[in-house]
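Listed below are the residues making up each chain.
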Amino acid sequence: MTKAEEAEKKALLAERKAEKELKSLVMALALAIFFNKALADQKAAKIIRTMGDELPEEANPKIIMDAMWGSYNSWLETLVPFVLARALTLRESATGQNLLNKLSPTEKAKLARKFAQFGASSPLVKPTEQLGPSTGTGKKLDSWAATERNVRYYYQQKRLQEELDKGFDLYQISVHTDCSKRCLPDQGKIISKTLPPIDASLWTGKKVDGKKIYSWPAMHARVDKYGWHNFIIDGFNCRHHISPYKGGSPEKPKAKEAAEASEAESAMREAERRLRQLNGEYLGLEKIDKARAEKIRKRWISGFKEYQDFASKHGIDPKGWRTQ
Ligand SMILES: [Zn+2]
């Protein structure tokens, strides 16, 4: 595992742990109805501080801590009054378990839906609180997605800076099979840190070993429709890197192969997201509707099996920790 991958895993696990603890606190508060809110807030603050200590600096703990605190409060606002309203219609001041026993099947089903939805929801980061590159769309980001991008971008920039500080001029862009469509035209190119371009393809007019040398400053200067330098090497989620040119040329995968590998990787991320949501639904339902929770758990198990089969079919390492 690279340093960037380690930092990413550490950060995401710390966030997920805090998220689960906060959610179980909110559910306890919602179901017990007269639970002590001030005490719950103290517990929530402690959970968030612990997460902050566990988060690597690159994940920007301050922003994630704020996002968690905001999510905790919005979860309280949506879940507690929802349960409380049902308790009041029953003129009931009893504990959660009593409340559940007195609900009609329809009411219980409504409550179960709400808890499942709550369990599957993610903590959100406001666009104004995002570190580094924003999506440009102004949409709130899932805190996991924001952290992933921040950590990757941090290491990408650091690595790039290390190369730019070296004395070499000619570099080669790395090549990998699951290359995105965005990076595909540029991967494997030989670039110069200093030469300007002479044409629209950003060729410098020079060649080495019979291969064209492209202009790195011109490639770097490109911007996307949101004004970000979001292309190869500079890209938010780009996993390419540059290394001093030493002759030879890496074998470029064909466009079709790259597209297939890239799609397989995206399908993995999508499956992980779905499994995380299912697991969240399960945790939300556990105390409300055991039978339904059990069904969800079975769906998670078969989904996880599919995920592993898909990974081995495509020769990708499954990341089980991302599915919980
Ligand atoms: Zn890339």
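The structure we're discussing is the one just above.
What comes next concerns the included structure.

About the cut-offs
Residues numbered from 1 in each chain as written. Predicted model: local features only at pLDDT ≥ 70, side-chain atom pairs only at ≥ 80, totals over all residues. Heavy atoms only, no water. Helix = DSSP H or I, 4+ residues; strand = E, 2+ residues; numbered from the N terminus. Buried < 20%, exposed > 50% of the residue type's maximum accessible area, 1.4 Å probe, protein only. Contact = heavy atoms within 4.5 Å. Patch = residues over 30% accessible without salt bridge, like charges linked within 9 Å, V, L, I, M, F, W, Y side chains within 5 Å. Areas by Shrake-Rupley, 256 points an atom, 1.4 Å probe, with all protein chains shown as cover. Salt bridge = Lys/Arg side-chain N within 4 Å of Asp/Glu carboxyl O. Lys, Arg positive; Asp, Glu negative; His and termini not counted. Charge placed at Lys NZ, Arg CZ, Asp CG, Glu CD. Pairing = 2+ DSSP bridges. Axes fitted to C-alpha atoms, helices over the stretch in contact; angles between N-to-C directions. Expected span 1.5 Å × (residues − 1). Donors = N, O, S within 2.8 Å, 3.2 Å for Na, K, Ca; no water. Core = buried A, V, L, I, M, F, W, Y, C linked by side-chain atoms within 4.5 Å. Domains from an automatic or database assignment. 1 Å grid on protein atoms, 1.4 Å probe; cavity = no way out; pocket = protein on both sides within 12 Å on 5 of 7 lines; lining within 4 Å. Points joined across faces, edges and corners; volume = space filled by probe spheres on them. Nonpolar A, V, L, I, M, F, W, Y, C, P; charged D, E, K, R; others polar.

**Describing the overall build of the protein chain**
Next, step 1: When its secondary structure is counted, the protein chain shows nine helices and seven strands.
Next, step 2: Structurally, the protein chain occupies a C-alpha span of about 85 × 40 × 30 Å along its principal axes.
Next, step 3: Going through the 324 residues of the protein chain one by one, you find that 44% of them count as buried.
Next, step 4: A fraction of 64% describes how many contacts in the protein chain between residues 6 or more apart in sequence connect residues 24 or more apart.

**Details of unusual backbone geometry**
With the exception of glycine, the majority of residues adopt a negative phi angle, and the majority of peptide bonds are in the trans configuration.
Next, step 1: Positive phi, normally seen in glycine, also occurs at Asn60, with a value near 50°.
Next, step 2: When you line up the elements, Asn60 lands in the loop between helix H2 (37-54) and helix H3 (61-89).
Next, step 3: Phi is positive for Ile233, close to 70°, though the residue is something other than glycine.
Next, step 4: Looking at the secondary structure, you find Ile233 in the loop between helix H7 (216-221) and strand S7 (242-244).

**Focus on a positive patch on the surface**
Next, step 1: Residues Arg113, Arg292, Lys295 and Arg299 make up a contiguous surface patch of positive charge.
Next, step 2: Here the element with the most residues in the positive patch is helix H9 (residues 290-313); it accounts for three residues.
Next, step 3: If you trace the backbone, Arg292 turns up in helix H9.

**Focus: the sheet that holds strand S4 (residues 190-192)**
In a beta sheet, neighbouring strands are held together by backbone hydrogen bonds and run either parallel or antiparallel to one another.
Next, step 1: Spatially, S5-S6-S4-S3-S7 is the arrangement adopted by the five strands of the open sheet, whose pairing is mixed. Since the sheet does not close on itself, it has two edges, and those belong to strand S5 (203-208) and S7, each with one partner. For this sheet, the mean angle separating the axes of adjacent strands, direction not counted, is 40°.
Next, step 2: Two strands pair when backbone bridges link them, and S4 and strand S6 (residues 211-215) are joined in this way by three bridges, in the parallel orientation.

**So, H9**
Next, step 1: Given a rise of 1.5 Å per residue, 24 residues ought to cover 34 Å, and the 35 Å separating the end C-alpha atoms of H9 matches this to within 8%.
Next, step 2: Residues of H9 that are buried include every one of Ala293, Ile296, Trp300, Gly303, Phe304, Tyr307 and Ala311, and no others.
Next, step 3: Tucked inside the fold, the buried residues of H9 contact helix H8 (255-285).
Next, step 4: At the C-terminal side of H9, Gly315 shows a positive phi close to 65°.

**With respect to the coordination of the zinc ion**
Next, step 1: Each protein donor to the zinc ion is listed here as Cys183 (SG), Cys238 (SG) and His240 (ND1); together their distances run 2.1 to 2.3 Å.
Next, step 2: In primary sequence terms, the donor set of the zinc ion follows C-x54-C-x1-H. Note that Cys183 is positioned in the loop between strand S3 (170-173) and S4 and Cys238 in the loop between H7 and S7, a separation of 55 residues in sequence. Cys238 carries the same exposure label as Cys183, and that label is buried.

**A word on the nonpolar core**
Next, step 1: Of all hydrophobic cores here, the largest spans 58 residues; its most connected members are Leu22, Met51, Tyr72, Leu111 and Phe115.
Next, step 2: Those elements that provide at least two residues to this core are helix H1 (3-32), H2, H3, helix H4 (96-102), helix H5 (105-120), helix H6 (143-164), H8 and H9.
Next, step 3: Per-element tally for this core: the top contributor is H1, with 12 residues.
Next, step 4: Residues from two domains meet in this core; each of domain 1 (1-165) and domain 3 (260-324) gives at least three.
Next, step 5: Ignoring anything within four residues of it in the chain, the contact list for Leu22 reads Ala44, Ile47, Ile48, Met68, Tyr72 and Trp75.

**Some remarks on the layout of surface pockets**
Next, step 1: As a volume, the second largest pocket reaches approximately 220 Å³.
Next, step 2: Around the second largest pocket sit 13 residues that line it, and Ala271, Arg274, Leu275, Gly303 and Glu306 are the ones nearest its centre.
Next, step 3: For the lining of the second largest pocket, the elements supplying multiple residues, two or more each, are H8 and H9.
Next, step 4: Among the elements that take part in the lining of the second largest pocket, H8 stands out by supplying seven residues, more than any other.
Next, step 5: Taken together, the residues of the lining of the second largest pocket break down into six nonpolar, three polar and four charged.

**Considering empty space enclosed by the protein**
Next, step 1: Under the criterion given, the structure shown has one cavity of 30 Å³ or more.
Next, step 2: By volume, the largest cavity is sized at about 50 Å³.
Next, step 3: Gln156, Arg159, Leu160, Glu163, Ile233, His240, His241 and Ile242 together form the lining of the largest cavity.
Next, step 4: With four residues, H6 is the single largest residue contributor to the lining of the largest cavity.
Next, step 5: Split into classes, the residues belonging to the lining of the largest cavity amount to three nonpolar, three polar and two charged.

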